[in-house]
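Chain and residue survey
Letter by letter, the chains look like this.
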Amino acid sequence: MRGDRILLSGLRVRGRHGVLPHETELGQVFVVDLELALDLAAAGRSDDLDRTVDYGSLAGRVAEVVGGRPRKLLEAVAEDVAQLVLADERVRQVRVRVTKPQASLPVDACVAVEITRDREMGEGRA
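Not measured: the values here are computed from a predicted model. (Residues numbered from 1 in each chain as written. Predicted model: local features only at pLDDT ≥ 70, side-chain atom pairs only at ≥ 80, totals over all residues. Heavy atoms only, no water.)

Overview of the packing of helix α3 (residues 55-67) against helix α4 (residues 74-86)
The contact between α3 and α4 brings their axes to 10 Å, and the two run at 150°. Two packed elements cross with a definite hand, and for α3 against α4 that hand is right-handed. Across from Leu58, Arg61, Val62, Val65 and Val66 in α3, the residues of α4 making contact are Val77, Asp80, Val81, Leu84 and Val85. Its residues assigned to classes, the contact of α3 with α4 shows 8 nonpolar, no polar and 2 charged. (Axes fitted to C-alpha atoms, helices over the stretch in contact; angles between N-to-C directions. Helix = DSSP H or I, 4+ residues; strand = E, 2+ residues; numbered from the N terminus. Left-handed = near helix turned anticlockwise from the far one by under 90°. Contact = heavy atoms within 4.5 Å. Nonpolar A, V, L, I, M, F, W, Y, C, P; charged D, E, K, R; others polar.)

Right, here's the structure in full:
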């Protein structure tokens, strides 16, 4: 990712994602980090919120997605978030990381999925 970026990191949201019954019943906290690539020059020159992505509003919408419809896979959660971000035509590219700090693993670790979606190419890259 090159050029101007907006970063939103550490967004903690309670969701019910996973393949195990207790994950969908009890839920757990997921952590979302976003990196948006877009041209910020006009916003910087004009000091006008309408010329950029309102990250406060974006954080609320991402929280609704992550806290909403349960998904089996973190990959699906990340894809849902990426599509939400790319709905804003100013965003050229988005990198989404969804971390599951309390994943049911046989060792003490957390797991994360990170995807990059590009408006121009319409395809994913890891």
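Details of the nonpolar core
Formed by 27 residues in total, the largest nonpolar core has its most connected members in Leu34, Leu36, Val62, Val66, Val85, Val96 and Val98. Only β1 (5-15), β2 (28-37), α3, α4, β3 (93-100) and β4 (111-118) provide two or more residues apiece to this core. With 7 residues, the single largest contributor to this core is α4. What Val96 contacts, discounting residues up to four positions off in sequence, is Asp33, Leu34, Ala78, Val81, Ala82, Val113, Glu114 and Ile115. (Core = buried A, V, L, I, M, F, W, Y, C linked by side-chain atoms within 4.5 Å. Buried < 20%, exposed > 50% of the residue type's maximum accessible area, 1.4 Å probe, protein only.)

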